[in-house]
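Observations on chain architecture
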Amino acid sequence: MAVNEDVRAEMDFLVALRRDLHAHPELGFEEERTSQIVAEHLTETGMKVHRGLGGTGVVGTLTVGNGPRTIGLRADMDALAMPETADRPYKSTVPGKMHACGHDGHTTLLLGAARELARTRNFSGTVHFIFQPAEEGRGGAKRMVEDGLFEMFPCDAVYGLHNMPGLDTDEMAVVTGPQLASSDSWQVRFRGVGTHGAKPHLGKDPVTAGGHFLASLQTIVGRVVDPLQPAVVSACSVQAGDPNALNVIPDFIDIAGTARAYTPRVRDQLEEEIGRLANGVAAMFGIEAEYRFIRRIPPVVNNADATGRALAAAQAVCGDKVRTDFPPSTAGDDFAFFSQDVPGAYVWLGNGPAVDGALHHNTAYDFNDGAIGTGVKFWTTLVEQELAA
Ligand SMILES: [Zn+2]
Ligand SMILES: [Zn+2]
């Protein structure tokens, strides 16, 4: 009876914590309040706490026994710059910011696991609880690595978890190989010679070149990349001229977009081929092309050994409700900066059905508190199995 009451009290604590974080979202590198809360709760367990990696990053370290193995568990803390439209008692109190990706839940799960493991101490080895800032495109993981994360806290394996609507809250997906795509940006400027719209022969029209470039862009995926390798190239921004000056051919047109791949080879190919196409089109029209490819996030590719360990933990928690075939996402996660240095596995935790169709990054999205039990149990089981006493 007392045990059940303890379990219920802990769950109440975690749900309240999750909703408090939800109500107080902070953007990447601005997680002052969140990281303070994380650090306080970690300190309370008696473990060593380090702050400041990547600015607002927090690492809690728990060593039990003399096991030589060390693992890292990652949670992300940041919210998104978007309004929350759904009404809920713990709705965002900050206009224009919301936890629309469930990172409030991820932070809660890892804190719950840290509290539990510090209490039960049923393993032998070292766990680093890594709370990273700025996952949503601002480069928090990269900053932590550059600040010396793995020199200060060496890890034999690193694990990440993300909530996934559409899977039940007692369901997980653990799959080896590519999980999330690389997420890179590219920019092309076609520089011609502006002139009167009625006298194109006196200039060099960059707009027509831009049209040819756009029309050919999808041939990279369709004709160059191996058809068995997924890849996405999208032009997402086109800017040229002025809608108030319809008799002016402008000097230049700017086209920019995103590129996604699941292997380093295809990623390299996209970088090279978009540039080749831009330069080729420019040559065709006798104008100049300026090309930049900005590498932002590598693909997340699950290591076979780490995935096997994560799978064993997930199966211990969820039984046969663990999917081992689950399609990779074309989104990115900068967990890739951790798992490219250290063998890693990134797993999906069910968030229940998409309520009113709201998916990640929707203004009505919410982490499902019903998944807290599964998520905490997954983390604690992973540690107890990974670092078996
Ligand atoms: Zn997100
Ligand atoms: Zn996310």
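Residues numbered from 1 in each chain as written. Chains lettered and ligands numbered in written order. Predicted model: local features only at pLDDT ≥ 70, side-chain atom pairs only at ≥ 80, totals over all residues. Heavy atoms only, no water.

Description of the pattern of salt bridges
Here is the rule we go by: For this analysis, a salt bridge means a side-chain nitrogen from Lys or Arg found within 4 Å of a carboxyl oxygen belonging to Asp or Glu. For helices the rule is a DSSP run of H or I covering at least 4 residues; for strands it is a run of E covering at least 2, with both sets numbered from the N terminus onward. To sort residues, take the accessible area from a 1.4 Å probe on protein chains only and compare it with the maximum for the residue type: under 20% means buried, over 50% means exposed, and anything in between is partly exposed.
Summed over the entire model, instances satisfying the criterion amount to 28 salt bridges. D268 is the salt-bridge partner of R295, the closest N and O atoms lying 2.7 Å from each other. Of the two residues, R295 is situated in strand β13 (residues 288-297) and D268 in helix α8 (residues 264-285); the sequence distance between them amounts to 27 residues. Residue classification places R295 among the partly exposed residues on the basis of a relative accessible area of 37%. Here R276 makes a salt bridge to E272, at a shortest N to O gap of 3.2 Å. Pair noted here: R276 and E272 are both in helix α8, with a separation of 4 residues, about one helical turn. When its relative accessible area of 47% is taken as the criterion, R276 is described as partly exposed. Residues joined by salt bridges that share partners form a network here, namely R18, R19, E84, R88, D104, D366 and D369.

Re the coordination of the zinc ion (ligand 2)
To be explicit about the condition: Only nitrogen, oxygen and sulfur atoms qualify as donors, provided they sit within 2.8 Å of the metal or within 3.2 Å for Na, K and Ca; with water excluded from the atoms, sites may seem incomplete.
All of the protein donors around the zinc ion (ligand 2) are C101 (SG), H103 (NE2) and H162 (NE2); their distances to the metal are 2.1 to 2.3 Å. In primary sequence terms, the donor set of the zinc ion (ligand 2) follows C-x1-H-x58-H. The distance between the zinc ion (ligand 2) and the zinc ion (ligand 1) is 3.1 Å, with C101 acting as a donor to both metals. Here the residue C101 occupies a position in the loop between β3 (70-76) and α3 (103-120), and H162 occupies one in strand β5 (residues 157-164), the gap between them amounting to 61 residues. Take C101 and H162: they sit in the same class, and that class is buried.

Some thoughts on the sheet that holds strand β12 (residues 252-261)
Just so we agree on the cut-off: Think of it this way: DSSP has to see at least two bridges between two strands before they count as a pair. Axis definition: a line fitted to C-alpha atoms, over the contacting stretch in the case of helices. Angles run 0 to 180 degrees between N-to-C directions. In this description, contact between two residues means that some pair of their heavy atoms is separated by no more than 4.5 Å.
The strand order across the open sheet built from 4 strands is β10-β12-β8-β13, with neighbouring strands paired in antiparallel fashion. Each edge of the sheet is formed by a strand with only one pairing partner; in this case those strands are β10 (231-240) and β13. When the angles between neighbouring strand axes are averaged without regard to direction, this sheet yields 15°. Inspection of the sheet shows β10 paired to β12 by 9 bridges, in the antiparallel sense. Considered in β12, the bridge of A235 is made with G257. Set on the sheet, α8 makes contact with β8 (183-191), β10, β12 and β13; between it and β13 the angle comes to about 165°.

Observations concerning the coordination of the zinc ion (ligand 1)
The condition is simple: Key to geometry: four donors with every angle between 85 and 135 degrees are tetrahedral; four donors are square planar and six octahedral where opposite donors lie over 155 degrees apart and all remaining angles lie between 65 and 115; all other sites are irregular.
The zinc ion (ligand 1) binds to the protein through C101 (SG), E136 (OE), E136 (OE) and H361 (NE2); the donor distances cover 2.0 to 2.7 Å. Around the zinc ion (ligand 1), the 4 donor atoms are arranged such that angles at the metal cover 53 to 153°; this shape is classified as irregular. Considered as a linear motif, the donors of the zinc ion (ligand 1) on their single chain read C-x34-E-x224-H.

Regarding the nonpolar core
Filter applied, for reference: Residues belong to a common nonpolar core when they are buried Ala, Val, Leu, Ile, Met, Phe, Trp, Tyr or Cys residues joined through side-chain atoms within 4.5 Å.
By size, the foremost hydrophobic cluster in this structure holds 51 residues, and its most contacted members are L73, F129, F131, Y159, F378 and W379. Not counting the four nearest positions on each side in its chain, L73 is found in contact with L110, V127, H128, F129, I130, Y159, W379, L382 and V383.

Quick look at the sheet that holds β3
Spatial ordering of the open sheet is given by β1-β2-β4-β3-β5-β16-β6-β15, a layout of 8 strands whose pairing is mixed. The two strands at the open ends of the sheet, each matched to only one other strand, are β1 (48-51) and β15 (322-323). Of the pairings in the sheet, the one linking β5 to strand β16 (residues 344-350) comprises 7 bridges and is parallel in character. Counted as the bridge partner of N163 is L349 from β16. Taken strand by strand, helix α2 (residues 32-44) contacts β1, β2 (58-64) and β4 (125-132), and its axis lies near 160° from that of β1. The strands that helix α9 (residues 304-318) touches are β5, β6 (172-173), β15 and β16; relative to β16, the one it contacts most, it runs at about 25°.

Overview of helix α11 (residues 372-386)
For the record, the criterion: Given a helix with a known number of residues, its expected span is that number minus one, times 1.5 Å.
The end-to-end C-alpha separation of α11 is 21 Å, in line with the 21 Å expected for 15 residues at 1.5 Å each. Summarising burial for α11: 11 of the 15 residues are buried, a large majority. Of the positions making up α11, those classed as buried are I372, T374, G375, V376, F378, W379, T380, T381, L382, V383 and E386.

Thoughts on α2
Taking 1.5 Å per residue as the helical rise, α2 with its 13 residues ought to reach 18 Å, and the 18 Å between its terminal C-alpha atoms agrees with that figure. Every buried residue of α2 is accounted for by T34, S35, I37, V38, A39, H41 and L42. In the stretch just after α2, G46 is the one whose phi turns positive, near 95°.

A few points about the UniProt feature "domain: Peptidase M20 dimerisation" (unreviewed entry) in the protein chain
Counted only if it meets this: UniProt positions are given in the numbering used here, feature names are shortened, and annotations may be inferred rather than shown by experiment.
Mapped onto this structure's residue numbering, the UniProt feature "domain: Peptidase M20 dimerisation" (unreviewed entry) falls at residues 184-278. This span, residues 184-278, is 35% helix and 34% strand, and a straight line between its end C-alpha atoms measures 17 Å.

A word on the environment of F335
Its place among the elements puts F335 in the loop between β15 and α10 (336-339). As for F335 and P299, which are separated by 36 residues in sequence, their C-alpha atoms are 9.1 Å apart.

Section: the environment of A118
Relative to the helices and strands, A118 resides in helix α3. The spacing of A118 and P227 is 109 residues in sequence and 49 Å in space, taken between C-alpha atoms. Here A118 is in contact with T45, M47 and L62, once residues within four sequence places are set aside.

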